[in-house]
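Residue-level structure breakdown
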Amino acid sequence: MPEPIPEVPTSSPTTPWTLARLFLRLGVTAFGGPAAHIALMKDEVVDRRKWMSEAEFLDLLGATNLIPGPNSTEMAIHIGFLRGRWLGLLLAGLCFILPAALIVTGFAWAYVRFGALPEVAGLLYAVKPVVVAVVVQAIAGLLRPAVKGPVLGALGLAVLALALLGVDELALLFGAGALAASLHWATSERRGGPLASTKPLLVMLVATAAMIGLPSLLTHLLPNSSAIASVPFGLGPLLLFFLKVGSVLYGSGYVLLAFLRDTLVDHWQWLTPAQLLDAVAVGQVTPGPVFTTATFIGYLLGGVAGAAVATLGIFLPSFLFVAASAWLVPRIRRSPLASAFLDGVNVAALGLMIAVTCQLARAAIVDPPTLALALLGAVLLLRFKLNSAWLIASAAALGVLGSLS
């Protein structure tokens, strides 16, 4: 029988309007991809609003990494559920997604109308180095609750090295969790103490495996897109395709690109390779979830209705996965063995976040001005605790002004 859903933390009252306003603002200012989005959320809900501790935030991050779909969107949904139950779940997720979807729809309209994307190079030039500083601030805050000892520290460094070498993210997460749980078990046995019950760990593993296995089942139930040479466009197939993508996808925007290219370009022939690359680029450069690439594609194929259907399809599984897994984290923490597994997952998730930050830094800091922006952003965030969302918005405005001059 599932454990009762934990009570909403009482650190400060959270009204629906408070949740909606916060995630609408993040949806407009959250540039830089999932790592940056998660860093912005930590700044707001841990450092500023005190809605949860760093350790609790890290637990949500670890749980989010174990399920398919866009990590930052699922973090928003988790936070909304924790603060406002089912209404909060819907409000946080929808308000984080909606601004990005509307902005991407505007880009798609301009693309169809004028045959090209609006100029965004200047904006990104200024925003990217500031985003690096935001993510570094978040990582600095999460190191203490994640690295609880030298063993977990060594595990995190190993995950970081393997991630930079290109090892699969899911394998690193589960491998780190299994190793941490095994070490806890061996230590308890060697000390002659009572072994922790395996039941909560088994419950967690079965539930997680079910959520990972469900996408595979969906893959078999939905039409096999790669087996079909070409199909006529329709809103029904579009919805089913993006439901499948949102249910099975782990990893970065590059994984999304490969998935979309295989079906929409090579087999169904709905898009040209150039259109797909432009769609992925728009998802990367606009604020909010990267998966709004689907919104752009939907508009190209079916106008406003297509954009709405594609957006619904790719994000709906995230709401369902979070709703299904909300009871897991508090139950895990009540079992020492399962808690050790989650500690391993958490430190692995942090290692993956550092690896992504290294990649972001290489792409963002390309000359002395961008280095200066990154350093200034770090000083303003770490020393003066400036609100990171407004810092990114200011950098975006600076970039636009610079490109116009």
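What follows is about the overall build of the protein chain. Across its full length, the protein chain carries 16 helices and zero strands. Taking all 405 residues of the protein chain together, the buried fraction comes to 52%. Considering only contacts within the protein chain whose residues lie at least 6 apart along the sequence, 76% involve residues at least 24 apart. In the form shown here, the protein chain has an accessible surface area of approximately 17400 Å², with 70% of it arising from carbon and sulfur atoms.

Summed over the entire model, instances satisfying the criterion amount to seven salt bridges. Put simply, Lys42 and Asp47 hold a salt bridge, and the shortest N to O gap is 3.2 Å. Judged by relative accessible area, which is 29%, Asp47 ranks as partly exposed. Between Arg49 and Glu44 there is a salt bridge, and its shortest N-O distance comes to 3.4 Å. With relative accessibility at 2%, the residue Glu44 sits in the buried group.

What follows deals with the side chain of Thr73. Mapped onto the elements of the fold, Thr73 is located in helix 4 (residues 71-114). For Thr73, the contacting residues outside a window of four places in its chain are Phe96, Ile97, Pro289 and Phe315.

This paragraph deals with the side chain of Asn346. Mapping Asn346 onto the fold places it in helix 14 (residues 336-364). Overall, Asn346 belongs to the buried group, its relative accessible area being 2%. Not counting the four nearest positions on each side in its chain, Asn346 is found in contact with Leu58, Asp59, Gly62 and Arg333.

This brings us to the nonpolar core. Core analysis: the largest hydrophobic core is formed by 68 residues, its most contacted members being Phe23, Met41, Phe57, Ile79 and Met353. The element contributing the most residues to this core is helix 5 (residues 121-146), with twelve residues. With residues near it in sequence (within four places) discarded, Phe23 still touches Met41, Ala76, Ile79, Ala92, Cys95 and Phe96. Core analysis: the next-biggest nonpolar cluster, separate from the first, contains 41 residues, Ile67, Leu260, Leu276 and Val282 among them.

Orientation of helix 3 (residues 54-65) relative to helix 4, taken along the N-to-C sense of each, is 130°, at an axis distance of 10 Å. Considering their axes alone, helix 3 and helix 4 lie oblique with respect to each other. Considering the relative orientation of helix 3 and helix 4, their crossing is right-handed. Within the contact between the two elements, helix 3 uses Phe57, Leu60, Leu61, Thr64 and Asn65 and helix 4 uses Asn71, Glu74, Met75, His78, Ile79 and Leu82. Here the residues of the contact of helix 3 with helix 4 are counted per class, giving six nonpolar, four polar and one charged.

So, on to the confidence of the model for the protein chain. Model confidence for the protein chain is summarised by a mean pLDDT of 80, while 82% of its residues fall at 70 or above. Throughout residues 1-8 the model reports pLDDT below 50, and contacts reaching past four residues in sequence, or to other chains, amount to 15 contacts.

As enumerated under the stated definition, the model contains seven aromatic pairs in all. On the basis of an interplanar angle of 65° and a centroid distance of 4.9 Å, the ring pair of Phe81 and Trp86 is categorised as edge-to-face. Residue Phe81 is classed as buried on the basis of its relative accessible area, which comes to 4%. Every member of this aromatic cluster is reached through a ring pair, and the members are Phe233, Phe241, Phe242, Trp268 and Trp270. Here Arg85 stacks its cationic end above the ring of Phe81, 6.0 Å away from the centre of that ring. The ring of Phe384 carries the charged tip of Arg383 above its face, separated from the ring centre by 5.4 Å.

Of note, Lys50 is a non-glycine position whose phi angle comes to about 55°, a positive value. Backbone geometry places Gln269, a non-glycine residue, at a positive phi of 60°. Within the element layout of this structure, Gln269 appears in the loop between helix 10 (253-267) and helix 11 (273-285).

Attention shifts here to a nonpolar patch on the surface. A cluster of nonpolar side chains, Val151, Leu179 and Leu183, forms an exposed patch at the surface whose accessible area comes to about 250 Å². Looking at the element boundaries, Leu179 is found in helix 7 (residues 169-190).

The next subject is the environment of Asn387. Here Asn387 is to be found in the loop between helix 15 (368-382) and helix 16 (388-404). Judged by relative accessible area, Asn387 falls into the buried class, the value being 14%. When the C-alpha positions of Asn387 and Leu40 are compared, they lie 8.8 Å apart, and in sequence the two are 347 residues distant. Setting aside its immediate chain neighbours within four residues, Asn387 contacts Arg25, Asp43, Glu44 and Arg48.

If you check helix 6 (residues 150-164), its first and last C-alpha atoms are 21 Å apart, about what 15 residues at 1.5 Å a residue would give, namely 21 Å. Of the positions making up helix 6, those classed as buried are Leu152, Gly153, Leu155, Gly156, Val159, Leu160 and Ala163. Seen from one end, helix 6 has its buried residues packed into an arc of 160°, which puts them on one side. Of the exposed residues in helix 6, those oriented more than 90 degrees away from the buried face are Pro150, Val151 and Leu157.

About the criteria used
Residues numbered from 1 in each chain as written. Predicted model: local features only at pLDDT ≥ 70, side-chain atom pairs only at ≥ 80, totals over all residues. Heavy atoms only, no water. Helix = DSSP H or I, 4+ residues; strand = E, 2+ residues; numbered from the N terminus. Buried < 20%, exposed > 50% of the residue type's maximum accessible area, 1.4 Å probe, protein only. Contact = heavy atoms within 4.5 Å. Areas by Shrake-Rupley, 256 points an atom, 1.4 Å probe, with all protein chains shown as cover. Salt bridge = Lys/Arg side-chain N within 4 Å of Asp/Glu carboxyl O. Core = buried A, V, L, I, M, F, W, Y, C linked by side-chain atoms within 4.5 Å. Axes fitted to C-alpha atoms, helices over the stretch in contact; angles between N-to-C directions. Parallel < 35°, antiparallel > 145°, perpendicular 65-115°, else oblique. Left-handed = near helix turned anticlockwise from the far one by under 90°. Nonpolar A, V, L, I, M, F, W, Y, C, P; charged D, E, K, R; others polar. pLDDT = per-residue confidence, 0-100. Phe/Tyr/Trp six-rings, centres within 6.5 Å; stacked < 30°, edge-to-face > 60°. Lys NZ or Arg CZ within 6 Å of the ring centre and 35° of its normal. Patch = residues over 30% accessible without salt bridge, like charges linked within 9 Å, V, L, I, M, F, W, Y side chains within 5 Å. Expected span 1.5 Å × (residues − 1). Arc of directions from axis to C-beta.

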